[in-house]
Amino acid sequence: MPNRTPIVFGNWKMTQDRAGAVALAAGVHQATVGMAGVQVGVCPAFVHLDAVGAALKAVDSHVALGAQDAWTEPNGAFTGEVSLAMLKDLGVSWVLCGHSERRHVIGESDELVSKKALAVLNAGMNCILCCGETLAQREAGETDRVNERQVRAGLNGVTSEQMSRVVIAYEPVWAIGTGKNATPQDAQNAHVAIRGLIGQLYGAGVAAALRIQYGGSMKPENARDLINQPDVDGGLIGGAALKSDSFAGIVRAAVGSA
Ligand code: 13P
């Protein structure tokens, strides 16, 4: 099995003011600076990317800058949207695609998520493609089917070469912001199924190299058990990413888990 560098990202969602975002970024940098062997990043709101990017750059930080979304087209009449070129200009290197809140609250389709993922990769950036089932889907035994549909659609048109810049985040919707995390075994089972699908689509080498994060009420207290699962390669963190010490506790749990 290849050594997959674990990857832990904070998704700050629609929280913080400008000063709070800058302070949180500085705190995350300080608290994780010595933690080798884990890729770390933060995804502030669009309007804070510039200030957070500048704060990270000022300390030559190891913390990567990610955006929570992006638009598919390079420029033009798309009121309210933000292009990948605009994001790159601010130092953004990662973009979340298809987060469950965008799918289920904003109404993004598989097709739109797919266009976004492909646009991110064609722009030379890195994509965290999110998938995950609702509670009703889990109870109906559809977890793997939903993940398969979302991952298959999300990767439509993505080449094997581009897969080195893709991370998948399995985020069961019922676990997000609820305090209820998937059990380590539930997460492992879902990740194995996703990796199996990638094997069918891209072959064993790409599947073995792909990093799959877990997201959904991950915190320092449960992170180690989740990340120690063989197919769980880090986390995408919401609530626990909003305090630098709890986020750093999760990063610490990932150290040495490769
Ligand atoms: P919580 O960690 O707050 O459950 O959020 C997870 C998430 O949605 C990260 O993208």
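Residues numbered from 1 in each chain as written. Predicted model: local features only at pLDDT ≥ 70, side-chain atom pairs only at ≥ 80, totals over all residues. Heavy atoms only, no water.

Draft legend 1. View of the overall build of the chain. Counting its secondary structure elements, the chain contains 11 helices and eight strands. Dimensions along the principal axes, computed over C-alpha positions, put the chain at roughly 45 × 45 × 35 Å. Looking at the chain residue by residue over its 258 residues, the buried ones come to 53%. Pairs at least 24 residues apart make up 73% of the contacts formed inside the chain by residues separated by at least 6 positions. Split by element, the accessible area of the chain, about 10,900 Å² in all, is 53% carbon and sulfur. Charge separation in the chain, taken as the distance between the mean sites of 21 positive and 24 negative side-chain charges, equals 2 Å. (Helix = DSSP H or I, 4+ residues; strand = E, 2+ residues; numbered from the N terminus. Buried < 20%, exposed > 50% of the residue type's maximum accessible area, 1.4 Å probe, protein only. Contact = heavy atoms within 4.5 Å. Areas by Shrake-Rupley, 256 points an atom, 1.4 Å probe, with all protein chains shown as cover. Lys, Arg positive; Asp, Glu negative; His and termini not counted. Charge placed at Lys NZ, Arg CZ, Asp CG, Glu CD.)

Draft legend 2. Highlighting the state of the cysteines. For the structure on display, the rule yields zero disulfides. In this model Cys97 remains outside any disulfide bridge; the closest cysteine sulfur is found in Cys127, 3.7 Å from its own. Cys130 takes part in no disulfide bond, and the closest cysteine sulfur, belonging to Cys131, lies 7.8 Å away. (Disulfide = S-S within 2.5 Å.)

Draft legend 3. Fine view of the packing of helix H10 (residues 220-227) against helix H11 (residues 244-254). Interaxial distance between H10 and H11 falls to 8 Å at its minimum, and their mutual angle equals 20°. Taken together, the axes of H10 and H11 are roughly parallel relative to one another. In terms of crossing hand, the pair formed by H10 and H11 is right-handed. On H11, the residues touching Pro220, Ala223, Arg224 and Ile227 of H10 are Ser246, Gly249, Ile250, Arg252, Ala253 and Ala254. Here the residues of the contact of H10 with H11 are counted per class, giving six nonpolar, two polar and two charged. (Axes fitted to C-alpha atoms, helices over the stretch in contact; angles between N-to-C directions. Parallel < 35°, antiparallel > 145°, perpendicular 65-115°, else oblique. Left-handed = near helix turned anticlockwise from the far one by under 90°. Nonpolar A, V, L, I, M, F, W, Y, C, P; charged D, E, K, R; others polar.)

Draft legend 4. Region of interest: the nonpolar core. By size, the foremost hydrophobic cluster in this structure holds 68 residues, and its most contacted members are Leu87 and Ile198. Those residues in contact with Leu87 that sit more than four places away from it in its chain are Phe46, Leu49, Ala67, Asp69, Ala70, Val82, Val92, Val95 and Met125. If you look at the next biggest cluster of nonpolar residues, it comprises 11 residues, including Leu96, Ile128, Val167 and Leu236. (Core = buried A, V, L, I, M, F, W, Y, C linked by side-chain atoms within 4.5 Å.)

Draft legend 5. Examining the environment of Leu242 more closely. Structurally, Leu242 is set in the loop between strand E8 (234-237) and H11. Along the sequence, Leu242 and Pro74 sit 168 residues apart, while their C-alpha atoms lie 31 Å from each other. In contact with Leu242, other than residues within four places in its own chain, are Trp12, Thr15, Gln16 and Leu24.

Draft legend 6. Local environment of helix H7 (residues 143-154). Between its first and last C-alpha atoms H7 spans 16 Å; for 12 residues at 1.5 Å apiece the expected length is 16 Å, and the two agree. Looking at the buried positions of H7, the neighbouring elements they touch are helix H4 (100-106), helix H5 (110-122), strand E5 (126-131), helix H6 (135-139), strand E6 (166-170) and helix H8 (184-202). (Expected span 1.5 Å × (residues − 1).)

Draft legend 7. Unusual backbone geometry, seen in detail. For Lys13, which is not glycine, the phi dihedral falls at a positive 50°. Mapped onto the secondary structure, Lys13 falls in the loop between strand E1 (7-11) and helix H1 (18-32). Given the relative accessible area of 22%, Lys13 is considered partly exposed.

Draft legend 8. Geometry of the site of the ligand. The environment of the ligand is made up of 13 residues, and the closest members are Lys13, His99, Gly177, Ser217 and Gly239. Interatomic distance of 2.8 Å between a side-chain N/O atom of Lys13 and an oxygen atom of the ligand. Between the ligand and Gly238, the relevant distance is 2.9 Å, taken from an oxygen atom to a main-chain nitrogen or oxygen of the residue. The protein chains hide 95% of the 310 Å² of surface that the ligand would expose on its own. Split into classes, the residues belonging to the shell around the ligand amount to four nonpolar, seven polar and two charged. (Near = heavy atom within 4 Å. Polar contact = N/O pair within 3.5 Å; in protein donor to acceptor, adjacent residues only side chain to side chain.)

Draft legend 9. Region of interest: the side chain of Ser114. Considering the arrangement of structural elements, one finds Ser114 in helix H5. Separated by 3.3 Å, the side chain of Ser114 and the backbone oxygen of Ala153 make a polar contact.

Draft legend 10. Layout of the packing of H7 against H8. Here H7 crosses H8 at 40°, and the two axes come no closer than 10 Å. In this view, H7 runs oblique relative to H8, as classed from their interaxial angle. Of the two possible hands of crossing, H7 and H8 adopt the one that is right-handed. Facing H7, whose interface residues are Asp144, Asn147, Glu148, Val151 and Arg152, H8 presents Ala190, Ala193, Ile194, Leu197, Ile198, Gln200 and Leu201.

Read these as spatial facts, not as claims about activity.
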